[in-house]
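Residue-level structure breakdown
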Amino acid sequence: MNMGLLTGKVALVTGGSRGIGRGIALELVKAGCSVVINYRKNEVEAEKTLNALNEIGYAKAFKADVSSYFECKAMIEEIIKEFGKIDILVNNAGVSKVGLFIDAKEEEWDYIMNTNLKGVFNCCHSLVPHMLSKNGGSIINISSMWGNVGASCEVIYSASKGGINSFTKALAKELGPSNIRVNAISPGVIDTEMNSWLSEEEVSELQEDIPLCKFGECEDIGNTVVFLASDKSKYITGQVITVDGGML
Ligand code: NAP
């Protein structure tokens with residue numbers, strides 16, 4: 001369905017070594033895109049994903065911590081040197097921590113905000129000058145449905161994702177005249193390691209709250225990214241698109 005939609009394009013997917021980021025990278029490669037997957041430390045998973053991507057198309061992996069401005073800038077400069085451009089930026093890298101707000105530590109605020117929200121700033125700020133010089137681009141930020149409505153026991157995470165939603169809307173307004181579109185996707189519960197702490201009972205309780213009666217797959221987010229990256233969505237910017245099986 002996505003075949004050839006993004007032929008000749010270059011994409012960077014942060015946190016692309018596993019989970020949703022891997023699903024996004026796979027759909028982008030299937031659509032004809034060259035893809036760079038970024039990861040923080042898990043070399044084994046990055047290698048596995050890279051092999052799967054290179055069976056379909058062309059991909060590279062780049063290790064960098066998105067919470068570091070310096071590392072993001074160096075990564076983006078390196079990719080542009082090698083590929084000549086980056087047309088699509090998918091800010092997907094993210095971390096979560098579940099627990100009562102009163103038990104949260106200050107370091108948890110810094111860790112979650114620096115990865116989830118500052119990471120988006122770091123990559124956008126390093127790449128936008130390049131996109132401006134090319135007069136085009138598509139930025140897609142992976143938020144969360146909890147960024148829309150807030151989740152009990154995930155207060156810091158919800159705040160980081162709510163920040164991504166406003167960041168997306170504001171940047172879209174600023175960059176629209178330069179032909180750069182900025183959108184976000186708010187996934188519901190997607191079957192990845194991020195949810196591996198859930199007990200079997202909690203999984204079935206959660207599924208009962210989802211009108212489509214199941215967790216989403218990484219591919220569901222990947223397909224939405226391909227749509228937002230392609231000309232099929234050329235009049236869509238500044239939007240937060242919820243992909244949650246109808247849960248909210
Ligand atoms: P995951 O399975 O835990 O994978 C996280 C990915 O992010 C890994 O590739 C990890 O790299 C990378 N990463 C983490 N911190 C990083 C950093 N500082 N710098 C660079 N890369 C970093 O997570 P996921 O479930 O796929 O979630 C992906 C995104 O979707 C996150 O933004 C998350 O908030 C959002 N989301 C997930 C769900 C869900 O139900 N799963 C729902 C809503 C939103 P390493 O492998 O090297 O650690």
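Residues numbered from 1 in each chain as written. Predicted model: local features only at pLDDT ≥ 70, side-chain atom pairs only at ≥ 80, totals over all residues. Heavy atoms only, no water.

1. Quick look at the site of the ligand
Definition in use: Whether a residue is near a molecule or strand is decided by its heavy atoms; if any one of them lies within 4 Å of it, the residue is near. Definition of a polar contact: a pair of N or O atoms within 3.5 Å, with one able to donate and the other able to accept a hydrogen when the atoms are protein atoms, and with sequence-neighbouring residues admitted only if both atoms are side-chain atoms. In short, Shrake-Rupley with a 1.4 Å probe defines the accessible areas, and a residue's cover is counted only from the protein chains shown. For the purposes of this entry, the term helix denotes a DSSP run of H or I that reaches at least four residues, the term strand denotes a run of E that reaches at least two, and both are numbered from the N terminus. Following the grouping adopted for this structure description, the nonpolar residues are Ala, Val, Leu, Ile, Met, Phe, Trp, Tyr, Cys and Pro, the charged ones are Asp, Glu, Lys and Arg, and the polar ones are all others, Gly among them.
Among the 30 residues in the neighbourhood of the ligand, the closest are listed as Arg18, Ile20, Lys41, Tyr157 and Thr192. Take asparagine 42: an N or O atom from its main chain is 2.8 Å from an oxygen atom of the ligand. Taking valine 66, its main chain carries an N or O atom lying 2.9 Å from a nitrogen atom of the ligand. Bound to the protein, the ligand loses 97% of the 900 Å² it would expose on its own. Breaking the shell around the ligand down by element, the ones donating at least two residues are helix 1 (19–30), strand 2 (34–39) and helix 7 (155–175). Its residues placed into classes, the shell around the ligand shows twelve nonpolar, 13 polar and five charged.

2. Overview of the pattern of salt bridges
Quick note on the threshold: A side-chain nitrogen of Lys or Arg and a carboxyl oxygen of Asp or Glu constitute a salt bridge if their distance falls within 4 Å. Burial classification: accessible surface area is computed with a 1.4 Å probe over protein chains only, and a residue below 20% of its type maximum counts as buried, one above 50% as exposed, and the rest as partly exposed.
Counting across every chain of the model gives nine salt bridges. Between arginine 18 and glutamate 193 there is a salt bridge whose closest N-O contact spans 3.2 Å. You can see arginine 18 sitting in the loop between strand 1 (10–13) and helix 1 and its partner glutamate 193 sitting in the loop between strand 6 (180–187) and helix 8 (200–208), a full 175 residues away along the chain. Residue classification places glutamate 193 among the exposed residues on the basis of a relative accessible area of 55%. A salt bridge links glutamate 45 to arginine 22; the shortest N-O distance between them is 2.8 Å.

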